[in-house]
Amino acid sequence: MPVELAVNLKPYNSFGLPATAQRLVRIRSVADVRRVVDHPLLGRAPKFVLGGGSNIVLTQDVEAVVLKMEIPGIRLLEERPDAWIIEAGAGVSWHQLVQWTIEEGYPGLENLALIPGTVGAAPVQNIGAYGLEIKDRLDSVAVVDLVTGRSVLLPASVCKFGYRDSVFKQSGFGGLAGKSVITHVRLRCPKPWQPVLGYLELERKMAETGTPQPTARQIFDWICEIRRAKLPDPAVIGNAGSFFKNPLVSAEQCRDIIGRDPHIVHYPMPDGSVKLAAGWMIDACGWKGKAVGGAAVYERQALVLINRGEARGAEVVTLARAIQESVYGRFGIRLETEPLLL
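Residues numbered from 1 in each chain as written. Predicted model: local features only at pLDDT ≥ 70, side-chain atom pairs only at ≥ 80, totals over all residues. Heavy atoms only, no water.

## Some points on the pattern of salt bridges
Phase 1 of the analysis: For the coordinates displayed, the defined rule picks out 24 salt bridges.
Phase 2 of the analysis: A salt bridge links Arg260 to Asp256; its shortest N-O distance comes to 2.7 Å. Of this pair, Arg260 and Asp256 both sit in helix 6 (residues 251–260), separated by 4 residues, roughly a single helical turn.
Phase 3 of the analysis: Linking Asp283 and Lys288 is a salt bridge whose minimum nitrogen-to-oxygen distance equals 3.5 Å.
Phase 4 of the analysis: A relative accessible area of 35% places Asp283 in the partly exposed class.
Phase 5 of the analysis: Within the structure, one salt-bridge network assembled from shared partners comprises Glu4, Arg26, Arg28, Lys68 and Glu70. (Salt bridge = Lys/Arg side-chain N within 4 Å of Asp/Glu carboxyl O. Helix = DSSP H or I, 4+ residues; strand = E, 2+ residues; numbered from the N terminus. Buried < 20%, exposed > 50% of the residue type's maximum accessible area, 1.4 Å probe, protein only.)

Below, the structure is given as structure tokens:
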């Protein structure tokens, strides 16, 4: 089993931040995970699972053994009367999977198009966009225990999904953070297909194109257009996508904030809480285009922090904390970061 030493991680994180992995192992199969677990030295060492690197901010070198997930493969695992079950390897690009399902005629993931990162990382973060989260489509997750090397298939019901949260991010009793690695993901694309359209930008596209009943392909194309128009391509401008979570507040808290800022963008949730638009609050505090060293707030979307070329992780963190203090000072809301700060 090849163990790479002193690996430059700059090409392996979408922010393009400098850091070095002391040891890195490329995982291309379930057997590779077991080899690491059984290894006399690596087996006992702390481990860090790296997918597409689209949800991390590297502030220092990584001492843990980096497991670079590169398990390939997409297939129709099963066709049921009520759904298509799609299985994909943890190393597959998430967008590549969504594109494949559309091209093969298995709709249901189109609202999640163009989200950066790998398939294996998607359940960890419970990725979501435009009215859909992966929890709405997840069938099960194949994991390998990093202590025993045992493979387990976990149904969606035990994954403890929340807003940008799951059992795979949770530590302590019952949590799986640092204890297991996802090798394959099974997704359920329901039959008959029903479009998810309850989002303002999609409604605008329907009106602009005169398409009241869009196909899955049309929704896929629209979402790609919308995301490309307002979000920077990590291949061109280093970033980790949305940097802050949209905060959830009570209806009473929301009324209080509206009393002070009537124009705040907010979305009522089914459970009675209200989701506030973090990007709107950051913009209202005047942060668009502002910078700390090589890190800056994207001029077209205040929710995105970018690498202007030679940013260091510490500069990104300093900028993020300044934004948090600014938003807290005006709105009394403490924004939570979405990416993992290492």
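That was the structure; now back to the text.
## Describing the sheet that holds strand 3 (residues 47–50)
Phase 1 of the analysis: Here 4 strands make up an open sheet; going across it, the order is 1-2-5-3 and the pairing mixed. Lying at the two open borders of the sheet, with one neighbouring strand each, are strand 1 (4–8) and strand 3. Averaged over all pairs of adjacent strands, the angle between strand axes in this sheet comes to 45 degrees, irrespective of strand direction.
Phase 2 of the analysis: Judged from the 4 bridges that link them, strand 2 (residues 20–27) and strand 5 (residues 65–69) form a sheet pairing that is parallel. Its bridge partner being in strand 5, Val25 is matched across the sheet by Leu67.
Phase 3 of the analysis: Where helix 1 (residues 30–38) meets the sheet, its contacts fall on strand 2, strand 3 and strand 5, and the angle it forms with strand 2 comes to roughly 130 degrees. (Pairing = 2+ DSSP bridges. Axes fitted to C-alpha atoms, helices over the stretch in contact; angles between N-to-C directions. Contact = heavy atoms within 4.5 Å.)

## As for the nonpolar core
Among soluble globular proteins, nonpolar side chains are generally buried collectively.
Phase 1 of the analysis: Within the largest apolar cluster, 42 residues are counted, with the highest numbers of intra-cluster contacts made by Trp94, Leu97, Leu138, Phe168 and Leu187.
Phase 2 of the analysis: Put simply, the parts of the chain that give this core at least two residues each are strand 7 (83–89), helix 2 (94–104), strand 10 (138–145), strand 12 (180–190), helix 4 (200–209) and helix 5 (216–230).
Phase 3 of the analysis: Per-element tally for this core: the top contributor is helix 5, with 7 residues.
Phase 4 of the analysis: Excluding residues that lie within four positions of it along the chain, Trp94 makes contacts with Leu112, Ile115, Gly117, Thr118, Val119, Ala122, Ile127, Ile134 and Leu187.
Phase 5 of the analysis: Counting 32 residues, the second largest nonpolar core, distinct from the first, contains Ile257, Met281, Leu303 and Val316. (Core = buried A, V, L, I, M, F, W, Y, C linked by side-chain atoms within 4.5 Å.)

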